[in-house]
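Overview (structure and organization)
Listed below, chain by chain, are the residues.
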Amino acid sequence: MSAPAEQAQITLQSPDGARATLLLHGGQLVSWVPAGGAEQLYLSPTSRYGAGVAVRGGVPVIFPQFSEQGDGPRHGIARTRAWELVQQETGDRDALAVLRLQDDADTLRAWPQAFALELTVRIAGRTLEMELAVENRGEARFAFQAALHSYWAVEDAARVVIEGLQDRRYLDSLRGEEGVQHSHRLELLQGQAIDRIVYGPSAPLRLIELGETGTRRLLIDSEGFDDAVVWNPGADHGLADLPAEDWRRFVCLELAQIEHRPVLDPGEEWVARQTLTCL
């Protein structure tokens with residue numbers, strides 16, 4: 001499913017055939033097709049579009065707060081604003097784009113800090129790299145949270161397992177309870193919602209789908225993000241911008257900085273990256 005044609009889009013294509021599409025609305029990656037592969041991101045066919053609206057799917061940029069852990073809008077202000085394209089190029093082996101968002105009168109009403117965000121997206125072969133940079137452009141220090149809220153397309157969420165979370169502490173946001181992931185595999189259960197913030201240094205994660213025709217593996221590596229989030233709304237989601245059965249079609253496995261909020265003095269910058277590889 002692609003975004004409406006009237007949405008301002010940036011299309012990337014590397015010489016080896018890898019493709020990606022970003023919306024200027026939200027600075028949001030909504031499609032990634034690795035070379036010789038299939039679409040990796042889920043985008044809801046009933047998602048809404050427009051000023052102040054969050055697009056359901058792709059990779060929304062979460063900043064400066066995660067969920068309702070702050071005084072501003074849920075998941076922050078970045079995913080509902082218009083970004084600008086500052087660089088786009090195709091090299092001998094890759095293609096990349098750099099998008100930018102900075103404070104204005106509207107953002108300052110929602111979050112009274114002067115900032116700039118830059119999102120760099122690079123595709124090559126079967127790899128996607130995303131870098132998020134945060135700059136303090138003001139005269140006072142500020143703290144923030146950030147995440148790349150990735151919706152990974154799957155045939156059936158009930159056949160997905162996630163590796164790499166063993167022995168890590170988590171918060172079950174649905175129950176408000178903390179626990180420890182003891183098994184080396186986290187299995188999603190048929191029709192049941194899951195919403196976990198997993199804390200601690202991020203080891204490479206693997207999203208594995210045990211399909212009828214074979215096994216699909218996605219390797220997720222990070223630099224600068226300490227946390228991870230696993231989310232699927234389950235069969236009883238009641239979300240207006242998600243078809244009733246489409247909970248099966250995606251799993252959100254996102255890298256994030258939630259528990260320990262970075263603090264930037266004026267002029268300082270924070271950078272984090274995620275690298276995705278189709279194995």
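What comes next concerns the included structure. Predicted, not measured: the structure shown is a model, and the values here were computed from it.

We now examine the pattern of salt bridges. Under the counting rule described, the total for this entry stands at 18 salt bridges. With its nearest N and O atoms 3.2 Å apart, the salt bridge here joins Arg-100 to Glu-118. Here the residue Arg-100 occupies a position in strand E6 (residues 95–102), and Glu-118 occupies one in strand E7 (residues 115–124), the gap between them amounting to 18 residues. Using a relative accessible area of 29% as the deciding quantity, one classes Glu-118 as partly exposed. Several salt bridges converge on common partners, so that one network encompasses Arg-81, Asp-106 and Arg-109.

Turning next to unusual backbone geometry. Residue Pro-64 is bonded to the preceding Phe-63 through a cis peptide linkage, with omega at 0 degrees. Assignment of secondary structure puts Pro-64 in the loop between strand E4 (61–62) and strand E5 (84–90). The phi dihedral of Ser-67 is positive, around 50 degrees, even though this residue is not glycine. You can see Ser-67 is positioned in the loop between E4 and E5. Residue Asp-167 is not a glycine yet carries a positive backbone phi of 65 degrees. Relative to the helices and strands, Asp-167 resides in the loop between strand E12 (160–163) and strand E13 (168–172). The class for Asp-167 is exposed, based on a relative accessible area of 57%.

One pass over the structure, following the stated rule, counts 13 aromatic pairs. On the numbers, 6.4 Å between centres and 75 degrees between planes, the contact of Trp-32 with Trp-152 is edge-to-face. With Trp-32 in strand E3 (residues 28–33) and Trp-152 in strand E11 (residues 151–153), the pair connects residues that are 120 residues apart, well separated along the chain. Assessed through its relative accessible area of 0%, Trp-32 is described here as buried. Given a relative accessible area of 0%, Trp-152 falls into the buried group. Through successive ring pairs, a cluster of aromatic residues spans Phe-63, Trp-111, Phe-115, Phe-142, Phe-144, Phe-225 and Trp-270. Of note, Arg-196 hangs over the ring of Tyr-170, and the distance from its end group to the ring centre comes to 3.8 Å.

The next point concerns the sheet that holds strand E22 (residues 269–278). Taken in spatial order, the 9 strands line up as E5-E6-E7-E8-E22-E18-E17-E12-E15 in an open sheet, and their pairing is antiparallel. Edge strands, defined here as strands with exactly one partner in the open sheet, are E5 and strand E15 (185–187). Across the sheet, the mean angle from the axis of one strand to that of its neighbour is 15 degrees, orientation sign disregarded. Pairing analysis gives 9 bridges linking strand E8 (residues 127–136) to E22, with the strands arranged antiparallel. When the bridges of E22 are listed, Glu-131 appears paired with Arg-273.

What follows is about the pairing of E3. In terms of burial, E3 is a largely internal element, 6 of the 6 residues being buried. Where strand E2 (residues 19–23) and E3 come together, 5 bridges link them in antiparallel fashion. Bridging from a neighbouring strand, Leu-23 pairs with Gln-28 of E3.

This next bit is on the pairing of strand E19 (residues 227–232). Of all 6 residues in E19, 6 are buried; the element is thus mostly enclosed. Here E19 shows two buried faces, one formed by Asp-227, Val-229 and Trp-231 and the other by Ala-228, Val-230 and Asn-232. Pairing analysis gives 5 bridges linking strand E16 (residues 194–198) to E19, with the strands arranged antiparallel. When the bridges of E19 are listed, Arg-196 appears paired with Val-230. Where E19 meets strand E20 (residues 250–257), 5 bridges bridge the pair, whose relative direction is antiparallel. Looking at E20, one finds that Trp-231 is bridged to Cys-252.

Reading the values: rules and limits
- One numbering rule holds for all chains: residues counted from 1, following each sequence as written.
- Whole-chain, interface and lining totals are the exception, using all residues; otherwise, since this is a predicted model, local features are given only for residues with pLDDT of at least 70 and side-chain atom pairs are given and counted only at 80 or more.
- Only hydrogens and water are removed before side-chain values are computed, so all heavy atoms of the structure are retained for them.
- Here a salt bridge means any side-chain nitrogen of Lys or Arg lying within 4 Å of a carboxyl oxygen belonging to Asp or Glu.
- Under the DSSP-based scheme used, a helix requires at least four consecutive residues in state H or I and a strand at least two consecutive residues in state E, with every element numbered from the N terminus.
- For every residue, the accessible area (1.4 Å probe, protein chains only) is compared with the maximum for its type, and the residue is labelled buried under 20%, exposed over 50%, or partly exposed between those bounds.
- Between the rings of Phe, Tyr and Trp (Trp by its six-membered ring), a pair exists once the centres lie within 6.5 Å; its type follows the angle of the planes, with under 30 degrees stacked, over 60 edge-to-face, and the other angles tilted.
- Here, a charge over a ring means that NZ of Lys or CZ of Arg falls within 6 Å of the ring centre while also lying within 35 degrees of the ring normal.
- At least two bridges found by DSSP between two strands are what make those strands a pair.
- Only the contacting stretch of a helix is used when fitting its axis, a line to C-alpha atoms as for every element, and angles between N-to-C directions run 0 to 180 degrees.

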